[in-house]
Amino acid sequence: MAKVTTSTLDKMKAAGEKFVCITAYDATFARLVSEAGAETILVGDSLGMVLQGHDSTIPVTVDDMAYHTECVCRAQPDSLVIADMPFMSYTTAEQTMANATALMQAGAQMVKMEGGTWLSDSISMLVERGIPVCAHLGLTPQSVNQFGGFKVQGRTPKEAKSILADAVEIQDAGASLLVLECIPSHLATDISAKLDIPVIGIGAGAGTDAQVLVMHDLLGLSEHTARFVENFMDGQATIQSALKAFVEAVKAGTYPREEHSYR
Ligand code: KIV
Ligand code: NA
């Protein structure tokens with residue numbers, strides 16, 4: 001695979017080719033994800049749960065994210081590396097700029113932030129200064145306390161309408177990518193069709209332009225998993241072949257299936 005850029009992903013969306021994202025937090029797994037042919041790596045703040053053992057992503061700091069982003073980028077993956085801006089690291093303009101800079105200087109090619117309309121100014125500020133942004137809507141885990149648990153979002157017409165409006169607004173603000181997490185499939189399919197930018201789904205059905213899973217979930221290592229997770233270690237002898245099986249399943253359209261989706 002040649003080094004993936006935002007234009008690679010735009011071309012794939014235009015051609016109707018699905019692409020893949022897998023989380024990685026260190027050099028070894030970043031190399032395996034790249035070798036498996038996943039176009040993007042997410043250094044997710046999910047590391048707060050799967051590496052640090054917290055029960056949410058809220059304790060994760062910018063220093064944690066920068067450390068793991070550096071570890072991932074030392075593998076020089078061909079995959080485009082997206083780093084999560086952690087909880088409360090993008091509240092003011094100055095703070096947003098300084099923290100996004102830290103993650104880009106750690107080696108990321110894009111930063112990800114959870115939120116919609118209220119993030120528009122932050123997104124355009126970063127984009128104008130050369131920092132590509134991935135937005136994240138639906139079940140945004142940094143808001144777990146506001147949601148009252150890890151719950152599917154966008155189930156009422158009012159919620160669905162507001163997620164769609166947020167998606168349009170973040171695209172207009174200049175976001176390069178959008179992650180949709182745990183929303184009904186029909187809504188995610190709708191948003192993916194309406195937007196020009198590629199949409200990456202997780203628990204959002206098969207109608208998005210790409211899929212992402214947390215590495216530990218797809219390798220069957222997590223204690224509790226949501227209905228959208230499939231264990232790709234099943235029937236595989238090595239982690240390498242499990243990662244390739246996930247990449248191939250997304251590209252072939254055999255994952256996710258109806259049973260992984262919300263209505
Ligand atoms: O932190 C993470 O791994 C994420 C993905 C689940 C989208 O944000
Ligand atoms: Na995240």
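Above: the structure in question.
To keep things clear, this report deals only with the structure shown in the data block. Computed from a predicted structure; not experimentally measured.

The rules behind the values
Residues numbered from 1 in each chain as written. Chains lettered and ligands numbered in written order. Predicted model: local features only at pLDDT ≥ 70, side-chain atom pairs only at ≥ 80, totals over all residues. Heavy atoms only, no water. Axes fitted to C-alpha atoms, helices over the stretch in contact; angles between N-to-C directions. Helix = DSSP H or I, 4+ residues; strand = E, 2+ residues; numbered from the N terminus. Parallel < 35°, antiparallel > 145°, perpendicular 65-115°, else oblique. Left-handed = near helix turned anticlockwise from the far one by under 90°. Contact = heavy atoms within 4.5 Å. Nonpolar A, V, L, I, M, F, W, Y, C, P; charged D, E, K, R; others polar. Pairing = 2+ DSSP bridges. Near = heavy atom within 4 Å. Polar contact = N/O pair within 3.5 Å; in protein donor to acceptor, adjacent residues only side chain to side chain. Areas by Shrake-Rupley, 256 points an atom, 1.4 Å probe, with all protein chains shown as cover. 1 Å grid on protein atoms, 1.4 Å probe; cavity = no way out; pocket = protein on both sides within 12 Å on 5 of 7 lines; lining within 4 Å. Sits in = over half its atoms within 2 Å of the grid points. Buried < 20%, exposed > 50% of the residue type's maximum accessible area, 1.4 Å probe, protein only.

## Examining the packing of helix H6 (residues 120-128) against helix H8 (residues 157-173)
- Axis separation between H6 and H8 bottoms out at 8 Å; the angle between their running directions is 25 degrees. Comparing their axes, H8 and H6 come out roughly parallel. Our pair here, H6 against H8, has a crossing hand that is right-handed. For the pair formed by H6 and H8, the contact residues are Ser120, Ile123 and Ser124 on the first element and Glu169, Ile170 and Ala173 on the second.
- Residues of the contact of H6 with H8, tallied by class, amount to 3 nonpolar, 2 polar and 1 charged.

## Let's talk about the sheet that holds strand E7 (residues 199-202)
- The 8 strands lie next to each other as E1-E2-E3-E4-E5-E6-E7-E8, forming a closed barrel whose pairing is parallel. Geometrically, the sheet is characterised by an average inter-axis angle of 25 degrees between neighbouring strands, direction not taken into account.
- Sheet analysis places strand E1 (residues 19-23) next to strand E8 (residues 210-213), joined by 4 bridges and oriented parallel. The partner of Cys21 across the bridge, within E8, is Val212.
- Running at roughly 135 degrees to E1, helix H1 (residues 6-15) makes contact with E1, strand E2 (40-43), strand E3 (80-84), strand E4 (110-114) and strand E6 (177-181) of the sheet.

## Some words on the site of ligand 1
- Taken together, Thr23, Leu42, Gly44, Asp45, Ser46, Asp84, Lys112, His136, Val179, Ile202 and Val214 make up all the residues around ligand 1.
- The separation between an oxygen atom of ligand 1 and a polar side-chain atom of Ser46 is 2.6 Å.
- Considering ligand 1 on its own, with 260 Å² of exposed area, one finds that the protein chains cover 95% of that surface.
- Counting atoms within 2 Å of the grid points, the majority share of ligand 1 lands in the largest pocket.
- Here the residues of the shell around ligand 1 sort into 4 nonpolar, 4 polar and 3 charged.

## Details of the side chain of Ser89
- Assignment of secondary structure puts Ser89 in the loop between E3 and helix H5 (93-105).
- Assessed through its relative accessible area of 3%, Ser89 is described here as buried.
- Looking at Ser89, its side chain comes within polar contact range of the main-chain oxygen of Pro86, at 2.6 Å.

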